2 protein chains.
Amino acid sequence: MSTTAPSDDIGTRLRLVRQIYGLTQRELARRAGVTNGAISLIEQNRVSPSISSLKKILDGIPLSLADFFTHNFAASDQVFFAAAELTEIAFGETVSMRMVGGNLKERALQMLQETYQPGADTGEEMLRHQGEECGIIVSGSLTITVGAQEKTLQPGDAYYFRSDIPHRFRNPGPAPCVLISANSPPSF
Amino acid sequence: MSTTAPSDDIGTRLRLVRQIYGLTQRELARRAGVTNGAISLIEQNRVSPSISSLKKILDGIPLSLADFFTHNFAASDQVFFAAAELTEIAFGETVSMRMVGGNLKERALQMLQETYQPGADTGEEMLRHQGEECGIIVSGSLTITVGAQEKTLQPGDAYYFRSDIPHRFRNPGPAPCVLISANSPPSF
DNA sequence: CAAAACTGTTGAATATTCTAAACGCCGGGA
DNA sequence: TCCCGGCGTTTAGAATATTCAACAGTTTTG
């Protein structure tokens, strides 16, 4: 139950949050009803703000005290990922995935670009894990089995199911199949 | 991203946490390296503490800033459940479960059966470890101390508390006590 | 290039919090 | 009963946070 303690470097933390939200000290100060000087001093850790001041400032973002202390902003400040930055994962010869934000922590969501070569098959045993998953076919076609249901999806088609329902992905066609999928919570 | 905002009534919040942990203002002040007067003023909301002060105080409990702002202590301060309060769950005609703390959140537990012979006592020093624990008395009776609260439980009664709150189990009666308990994460 | 508009920082004055030492209250023992 | 030790509260003064206004640097505009 004990949350991992974030850095108690409040100043850096505030500065980071403010910059993520694209605000200047003066703009945030105006919204929060404090002076820009106060924010400057806090961000330099030259003073330790009172809760009331910090709350006023966070209200100007807006962000709750709980979120301010809970989230690891340093780890989530990367918003854009070049194609080359996506983490590549291979399963055997026929299935590969490119993961968005594999370096991020505490994420509630995971997005993958999955490629199934002709003949690829996640197997008879049927996958089962926690969470939910969802995806859209980008190119090629893919036969997906979820529980008792089975369907071959074409580009533009999509799926959404609870991951604890046994499921299986196969590519019976002659062309590779690419799809974009999302899982929550991340399964790896 | 937005966590449900806890009350910004810092004073009441601090008082509640302090009392849950069974500390007096003076004892907490001593551990935290602040004066009891400061804690008194904060708990009355007559001042809004600086982050540095609040952090010092919470360190004396100990509790992280994140946990302080995140957890809803008011909602989880029910430690004891009367036999009649246990949530009854039925699976068909033949299977039923009686659930402890169905209203609590963030549960992830493992169960054990424990037997306490007459006179058994986990000791004056009060146990403290990570995680949460929970249990139901099966037979006999057991006196449990959690923070400032103490109660002698009878068969059918139950408990649920965070394990970092100091606790102690004693069997003052003439008969062995059997209970079913659960821990998260497993502490042994 | 210069002026204007912005950025973050700083020093002196003000406002607030924190400490130290007292207060009043209550319960337990001689 | 009185006294002692504990509790939370209060007050004046020391320590700290915040404001206000000015400063220097950078980018934008003309």
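Residues numbered from 1 in each chain as written. Chains lettered and ligands numbered in written order. Predicted model: local features only at pLDDT ≥ 70, side-chain atom pairs only at ≥ 80, totals over all residues. Heavy atoms only, no water.

Identification of chain A as XRE family transcriptional regulator from Acidocella aquatica is taken from an unreviewed UniProt entry.

**Student:** Is there a simple way to explain a nonpolar patch on the surface in this structure?
**Tutor:** Residue and element names in this part refer to chain A. The grouping of Met111, Val138 and Ile180 at the surface amounts to a nonpolar patch, some 230 Å² of accessible area in total. Of note, Met111 is situated in strand S3 (residues 110-116). Among the residues examined, Met111 registers a relative accessible area of 39% and is labelled partly exposed. (Patch = residues over 30% accessible without salt bridge, like charges linked within 9 Å, V, L, I, M, F, W, Y side chains within 5 Å. Areas by Shrake-Rupley, 256 points an atom, 1.4 Å probe, with all protein chains shown as cover. Salt bridge = Lys/Arg side-chain N within 4 Å of Asp/Glu carboxyl O. Helix = DSSP H or I, 4+ residues; strand = E, 2+ residues; numbered from the N terminus. Buried < 20%, exposed > 50% of the residue type's maximum accessible area, 1.4 Å probe, protein only.)

**Student:** Looking at this model, I keep getting lost on the protein's contact with DNA strand C. Mind explaining?
**Tutor:** The environment of DNA strand C is made up of 21 residues, and the closest members are Thr24, Arg26 and Arg46 of chain A together with Ser48 and Ser53 of chain B. Atoms of DNA strand C within 4 Å of the protein: sugar and phosphate make up 66%, bases the balance. A distance of 2.8 Å separates a phosphate oxygen of DNA strand C from a polar atom in the side chain of Gln44 of chain A. In the model, a phosphate oxygen of DNA strand C is placed 2.6 Å from a nitrogen or oxygen of the Arg46 of chain A side chain. Those elements that place two or more of their residues in the surface near DNA strand C are helix H1 (10-20), helix H2 (25-32) and helix H3 (36-43) of chain A. Looking at which element gives the most residues to the surface near DNA strand C, the answer is H3 of chain A, with three residues. (Near = heavy atom within 4 Å. Polar contact = N/O pair within 3.5 Å; in protein donor to acceptor, adjacent residues only side chain to side chain.)

**Student:** Can you help me understand the packing of aromatic side chains in this one?
**Tutor:** Centre-to-centre distance and the angle between the planes together describe a pair of aromatic rings. Enumeration according to the criterion identifies five aromatic pairs over all chains in this entry. Between Phe69 of chain A and Phe69 of chain B, the aromatic rings sit 5.0 Å apart at their centres with planes inclined by 0 degrees, giving stacked as the arrangement. In this pair, Phe69 of chain A sits in helix H5 (residues 65-70) while Phe69 of chain B sits in helix H5 (residues 65-70), so the two residues belong to two different chains. Plain terms: the ring middles of Tyr116 of chain A and Phe169 of chain A are 5.9 Å apart, the flat faces sit at 50 degrees to each other, and that makes the pair tilted. Taken as a pair, Tyr116 of chain A in strand S3 and Phe169 of chain A in strand S8 (residues 167-170) lie far apart in primary sequence, 53 residues in all. As far as burial versus exposure is concerned, Tyr116 of chain A and Phe169 of chain A are alike and both buried. Three or more aromatic residues joined by ring pairs make a cluster, and in this case those are Phe68 and Phe69 of chain A together with Phe68 and Phe69 of chain B. The side chain of Arg13 of chain A reaches across the aromatic face of Phe68 of chain A, ending 5.5 Å from its centre. (Phe/Tyr/Trp six-rings, centres within 6.5 Å; stacked < 30°, edge-to-face > 60°. Lys NZ or Arg CZ within 6 Å of the ring centre and 35° of its normal.)

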